[in-house]
Amino acid sequence: MAKEIKTIGVLTSGGDAPGMNAAIRAVVRKALARGVAVKGIKKGYQGLLNEEIIDLERSSVSDIIQRGGTILGTARCMEFKTAEGQEKGAEICRKHGIEGLVVIGGDGSYRGAQALSRKGINTIGIPGTIDLDITCTDYTIGFDTAVNTAMQAIDKVRDTSSSHERCSIIEVMGRNAGYIALWCGVANGAEDILLPEKYDFNEQRIINSIINNRKKGKTHHIIINAEGIGHSTSMARRIEAATGIETRATILGYMQRGGSPTCKDRFYASIMGSYAADILCEGKTNRVVGYQHGEFMDFDIEEALAMEKSIPEYQYEVSRSLSSM
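Everything numeric here is computed off the predicted structure, so don't read it as measured data.

1. Observations concerning helix α1 (residues 20–33)
Next, step 1: Along its 14 residues, α1 runs 20 Å from first to last C-alpha, staying within 8% of the 20 Å computed at 1.5 Å per residue.
Next, step 2: Residues of α1 that are buried include every one of Met20, Asn21, Ala22, Ala23, Ile24, Ala26, Val27, Val28, Arg29 and Ala31, and no others.
Next, step 3: Where α1 is buried, its residues meet β1 (7–12), β2 (37–41), β3 (53–56), β4 (100–105), β5 (122–127) and α9 (263–281).

2. Side note on the sheet that holds strand β8 (residues 221–226)
Next, step 1: The four strands lie next to each other as β7-β8-β6-β9, forming an open sheet whose pairing is parallel. A single partner strand is all that each edge strand has here, and the edge strands are β7 (192–194) and β9 (247–251). For this sheet, the mean angle separating the axes of adjacent strands, direction not counted, is 15°.
Next, step 2: Examined bridge by bridge, strand β6 (residues 167–172) and β8 share six bridges and lie parallel to one another. Residue pairing in the sheet places Ser168 in a bridge with Ile222 of β8.
Next, step 3: Packed on one face of the sheet, helix α5 (residues 143–163) meets β6, β8 and β9 and runs near 165° to β6.

3. Remarks on unusual backbone geometry
Next, step 1: Look at Leu132: it is not a glycine, yet its phi comes out positive at around 55°.
Next, step 2: Mapped onto the elements of the fold, Leu132 is located in the loop between β5 and α5.
Next, step 3: On the basis of relative accessible area, Leu132 is assigned to the buried category, the value being 5%.
Next, step 4: In the Ramachandran plot, Glu165 falls in the positive-phi region, its phi being about 55° despite a non-glycine side chain.
Next, step 5: When you line up the elements, Glu165 lands in the loop between α5 and β6.

4. Considering the packing of aromatic side chains
Next, step 1: Scanning the entire structure with this criterion turns up eight aromatic pairs.
Next, step 2: Seen in terms of ring centroids, Tyr139 and Tyr268 are 4.7 Å apart; in terms of plane orientation they differ by 65°. Their pairing is edge-to-face. Of this pair, Tyr139 sits in the loop between β5 and α5 while Tyr268 sits in helix α9, and the two are 129 residues apart along the sequence. The two residues Tyr139 and Tyr268 agree in class, both being buried.
Next, step 3: Relative to Tyr291, the ring of Tyr268 has its centre 4.9 Å away and its plane inclined at 50°; by these criteria the two rings are tilted. Taken together, the residues Tyr268 in helix α9 and Tyr291 in strand β10 (residues 287–292) connect sequence positions 23 residues apart. Side by side, Tyr268 and Tyr291 carry an identical accessibility label, which is buried.
Next, step 4: By the ring-pair criterion, three or more aromatic residues cluster together here, those being Tyr139, Phe267, Tyr268, Tyr291 and Phe296.

5. Thoughts on the environment of Cys167
Next, step 1: For Cys167, the position within the fold is in strand β6.
Next, step 2: Taking the C-alpha atoms as reference, Cys167 lies 11 Å from Asp192; in sequence the two are 25 residues apart.
Next, step 3: If we skip the residues at most four places from it in the chain, Cys167 touches Ser161, Ile210, His221, Ile223, Ile239, Ile245, Glu246, Thr247 and Arg248.

6. Some remarks on the pattern of salt bridges
Next, step 1: On inspection of all chains with the given rule, the structure shows 22 salt bridges.
Next, step 2: A salt bridge links Glu52 to Lys43, with the nearest nitrogen and oxygen atoms 3.4 Å apart.
Next, step 3: Judged by its relative accessible area of 23%, Glu52 is partly exposed.
Next, step 4: Among the charged side chains, a salt-bridge network with shared partners connects Lys30, Arg34, Asp278 and Glu282.

7. Quick look at the environment of Arg118
Next, step 1: Residue position: Arg118 is located in helix α4 (residues 107–118).
Next, step 2: We classify Arg118 as exposed; its relative accessible area is 61%.
Next, step 3: Taking the C-alpha atoms as reference, Arg118 lies 9.4 Å from Thr285; in sequence the two are 167 residues apart.

8. Topic: α5
Every α-helix winds through 3.6 residues per turn, so residues three or four apart in the chain are directed the same way.
Next, step 1: The end-to-end C-alpha distance of α5 is 30 Å, a good match for the 30 Å that 21 residues give at a rise of 1.5 Å each.
Next, step 2: Of all the residues in α5, the buried ones are Phe143, Asp144, Thr145, Ala146, Val147, Thr149, Ala150, Ala153, Ile154, Val157, Arg158 and Ser161.
Next, step 3: Where α5 is buried, its residues meet β6, α6 (179–187), β8, β9 and α9.
Next, step 4: Count one or two residues on from α5 and you reach Glu165, which has phi positive near 55°.

Rules behind the numbers
- Residue positions are given per chain, counted from 1 along the sequence in the order it is written.
- The model is predicted, so local features are restricted to residues of pLDDT at least 70 and side-chain atom pairs to those at 80 or more, both for listing and for counting; the totals for chains, interfaces and linings are taken over all residues.
- Excluding hydrogens and water, the side-chain values take into account all heavy atoms of the structure.
- We count a stretch as a helix when DSSP gives it H or I for four or more residues in a row; a strand needs E for two or more, and each element gets its number in order from the N terminus.
- Expected helix span is taken as 1.5 Å per residue step, with the number of steps being one fewer than the number of residues.
- Buried residues are those whose accessible area, probed at 1.4 Å on protein chains only, stays under 20% of the maximum for their type, while exposed residues exceed 50% and partly exposed ones sit between those limits.
- Contacts were defined at the residue level, with two residues in contact if any of their heavy atoms lie within 4.5 Å.
- One bridge is not enough; two strands pair if DSSP finds at least two bridges between them.
- Under this scheme, a helix contributes an axis fitted over its contacting stretch, all axes are lines through C-alpha atoms, and angles between N-to-C directions fall in the 0 to 180 degree range.
- Pairing of aromatic side chains requires ring centres within 6.5 Å, counting the rings of Phe and Tyr and the six-membered ring of Trp. Pairs whose planes differ by under 30 degrees are stacked, by over 60 edge-to-face, and all others tilted.
- Salt bridge, as applied in this entry: a Lys or Arg side-chain nitrogen positioned within 4 Å of an Asp or Glu carboxyl oxygen.

Keep in mind that these numbers describe shape and distance, not what the molecule does.
Encoded structure:
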């Protein structure tokens, strides 16, 4: 029989994502409803090593579901990547009576959770990242808000780009994944979408496209450039020199991480947080919560980390065919 869990912890790690607070709220209230005490760990694994640990009650997570960011704070922690740091973290969990831990973050955060699981601390991961780059799940907390934030900003850039008859390169986040760029490229009707998974660095093709579209009467040209490709400013200079058309780069940056989460991010994060608390209280460990084919489920962390994710070929082909004039 699985050991009865009396106290769990919850932390957020890595980059913040809208909806993390909804997940925290769900973990806390679901666990308390099952008679399990909850401790919040501030500033991710760094806060764990610094013993920044607080008690959480139902009232502790009131009025947070609509807020962006994370009330627990987050940080990246190089020390926790070491065996010594991981052992210290497990000892601190035991010192504070934390028998299980919910980790909300990306794949790097799961590796820390995996290490704690091997040292006897039951761990469950929840995918919290705007990048949508966790392979085992079709949804990650924060992506929906981030992609809508980017879409609205790109619409505004398009207005001024059209007024001045410019070419605009708009760089969106996503680390080495092109999902935000793909979704915005299609949703914003971009003329070119540059994805790390697909880009062949053939800038001449883009230049030819801009020139041909201008000859056809197109008054603007929108290029969505993924963060994993980057160098938008220097690309803009080269395109302007080659085409003679005024070209500007706009890097949306961290605005995509902020803001009040969408209904989808609040709802899905709430279900994932509840699911994580349930399976943790039932004695599961070394698992990550995911969403596939309309169902919430859990996977072994090692299995999840070993999976490979790529841009769906049909979605990419659609983005290419819809962008051509």
